[in-house]
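One-letter residues, chain by chain:
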Amino acid sequence: MSEPLDQGLIETWRGWIGREERRREVLDAEALRRFAAAVGAGLEVEQAQPPLAHWAFFLPVFPDSEIGPDGHPKRGGFLPPVTLPRRMFASSAMTFGAPLVLGQDADMVSTILDVKHRSGRTGDLVFVEVERVISQGAGVCVREQQTIVYRGAGEATAALVPVAQDIGPEDEAWRPDTVRLFRFSAVTFNSHRIHYDQPYARGEEGYPDLVVHGPFTAAKLHAYATRRLGRPLTRFSFRAVAPILEDQPVRLTGDPATGAFQAIRCDGAQAMAAEAG
């Protein structure tokens, strides 16, 4: 385990709390159509928008000179320059208001709500909470609170060993392969190498194979919950629990009565927990 983080450094990062970033862009139908294709939704986005459609817009864009060795943007800027080497999208809670209107301007205000430090069995963890509010005109379309976690390199992830599972009649199977991972990386402009560079994922970050994007799994769970509930969702939250690897079967399951949904890996472990309503 590495040396504990210096408290003064943590307080420096906490100085980012309250920082805002404002962006405006036209919500392009073709960008949303590409996102819909990547998540397996219908392409007639003018009639029915795909799950978590707002993730098709306001993508992070950095010049080539500002990309780090892992494919993420270099540390600093809007987010605090946390020095821990691993960065992951850990969780999100969102509410949906007015529908997105394609072809029109939209505004997004991002705010750093908190920076928290925890010490656990595997070492230091830093959690950065970011609120993103997307609006058009006077109406809020989406309010989302994301949690990004930074951690040390940690131990290598063991290979998954499939186990027999009881498949419910309403469960759905999903098997994200290399092509689907590439398409999702492309459509979200996500260059983190664990999703497309197998030698890097194995040699540098200790995964047995390419890693499925957490937001990709979340989009699949959102779509599944919508089908099970039989109506558009007004709220959705998720928490990533364990990594999903490429070309491994995933079981989507849940209970509409409680609004609890899950993505279960081939080894029977819960990979993502979600709540929908």
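Up top you'll find the structure we're talking about.
Residues numbered from 1 in each chain as written. Predicted model: local features only at pLDDT ≥ 70, side-chain atom pairs only at ≥ 80, totals over all residues. Heavy atoms only, no water.

Asker: Help me out: how do you make sense of the pairing of strand S4 (residues 123-136) in this one?
Answerer: Consecutive residues of a regular strand have side chains that alternate between opposite faces of the sheet. Counted residue by residue, S4 has eleven buried out of 14 residues, so it is predominantly covered. Adjacent in sequence and paired antiparallel, strand S3 (residues 105-120) and S4 are bridged by two residues. For S4 and strand S5 (residues 139-151), the ladder comprises twelve bridges, and the chain directions are antiparallel. Looking across to S5, one finds that serine 135 is bridged to valine 140. (Buried < 20%, exposed > 50% of the residue type's maximum accessible area, 1.4 Å probe, protein only. Helix = DSSP H or I, 4+ residues; strand = E, 2+ residues; numbered from the N terminus. Pairing = 2+ DSSP bridges.)

Asker: Looking at this structure, I do not really get helix H5 (residues 214-229). What am I missing?
Answerer: Each turn of an α-helix holds 3.6 residues, which means side chains three or four residues apart point in the same direction. Its 16 residues give H5 an end-to-end C-alpha distance of 22 Å, which sits within 8% of 22 Å, the value for a rise of 1.5 Å per residue. Of all the positions in H5, only Pro215, Phe216, Thr217, Ala218, Ala219, Lys220, Leu221, His222, Ala223, Tyr224 and Ala225 are classed as buried. Among the residues trailing H5, glycine 230 stands out with phi positive, at a value near 75°. (Expected span 1.5 Å × (residues − 1).)

Asker: Quick question: what am I supposed to make of the packing of aromatic side chains here?
Answerer: The description of an aromatic ring pair rests on the distance of the ring centres and on the angle between the ring planes. Per the stated rule, a full pass over the model turns up eight aromatic pairs. Each ring, one from tryptophan 174 and one from phenylalanine 216, has its centre 5.1 Å from the other, and the planes form 70°; the classification is edge-to-face. Here tryptophan 174 is found in strand S6 (residues 172-174), whereas its partner phenylalanine 216 is found in helix H5, with 42 residues between them in sequence. Ring-pair connections join several aromatic residues into one group, and the members of that group are Phe35, Trp174, Phe184 and Phe216. (Phe/Tyr/Trp six-rings, centres within 6.5 Å; stacked < 30°, edge-to-face > 60°.)

Asker: Hey, could you run me through the pattern of salt bridges in this one?
Answerer: Oppositely charged side chains may form a pair once their charged atoms are brought near each other. The final tally for this structure, using the stated rule, is 17 salt bridges. Across the salt bridge formed by arginine 24 and aspartate 107, the nearest N and O atoms sit 2.7 Å from each other. Here aspartate 107 lies in strand S3 and arginine 24 lies in strand S1 (residues 20-26), a separation of 83 residues in the sequence. With relative accessibility at 57%, the residue arginine 24 sits in the exposed group. Judged by its relative accessible area of 24%, aspartate 107 is partly exposed. For glutamate 30, the salt bridge identified is with arginine 33, shortest N-O distance 2.8 Å. In this pair, glutamate 30 and arginine 33 both sit in helix H2 (residues 29-39), three residues apart, roughly one turn of the helix. Several salt bridges share partner residues, and in doing so they unite Glu30, Arg33 and Glu46 into one network. (Salt bridge = Lys/Arg side-chain N within 4 Å of Asp/Glu carboxyl O.)

Asker: Help me understand the environment of alanine 186, please; the structure alone is not making it clear to me.
Answerer: Along the chain, alanine 186 turns up in helix H3 (residues 178-188). Between the C-alpha atom of alanine 186 and that of proline 60, which follows or precedes it by 126 residues, the distance is 12 Å.

Asker: I keep staring at the pairing of strand S8 (residues 250-255) and nothing clicks. Help me out?
Answerer: Here S6 pairs with S8 via three bridges, running antiparallel. Paired with alanine 173 across the two strands is arginine 251, which belongs to S8. Sheet topology note: the S8/strand S9 (residues 260-264) ladder contains five bridges and is antiparallel. If you follow threonine 253 over to S9, its bridge partner there is glutamine 262. The turn joining S8 and S9, which pair antiparallel and follow one another in sequence, is formed by four residues; a positive phi near 80° is taken by glycine 259.

Asker: Which parts of the structure should I look at to understand unusual backbone geometry?
Answerer: Excluding glycine, residues mostly carry a negative phi; peptide bonds, for their part, are mostly trans. Positive phi outside glycine occurs at phenylalanine 189, with the angle close to 55°. One non-glycine residue, aspartate 247, lies in the positive phi region at around 60°. If you trace the backbone, aspartate 247 turns up in the loop between strand S7 (235-240) and S8. For aspartate 247, a relative accessible area of 38% gives the class partly exposed.

Asker: For this particular structure, what's the right way to read the sheet that holds S3?
Answerer: Adjacent strands of a sheet form backbone hydrogen bonds with each other and so pair up, either parallel or antiparallel. Here we have ten strands laid out as an open sheet, ordered S1-S3-S4-S5-S2-S7-S10-S9-S8-S6, and antiparallel in their pairing. Each of the sheet's edge strands pairs with one partner strand only, and the pair in question is S1 and S6. Averaged over all pairs of adjacent strands, the angle between their axes in this sheet comes to 20°, without regard to strand direction. Sheet topology note: the S1/S3 ladder contains seven bridges and is antiparallel. Within the sheet, the bridge partner assigned to valine 26 lies in S3 and is aspartate 105. Contacts from H5 reach strand S2 (86-96), S6, S7, S8, S9 and strand S10 (270-276), with the element oriented near 135° to S9. (Axes fitted to C-alpha atoms, helices over the stretch in contact; angles between N-to-C directions. Contact = heavy atoms within 4.5 Å.)

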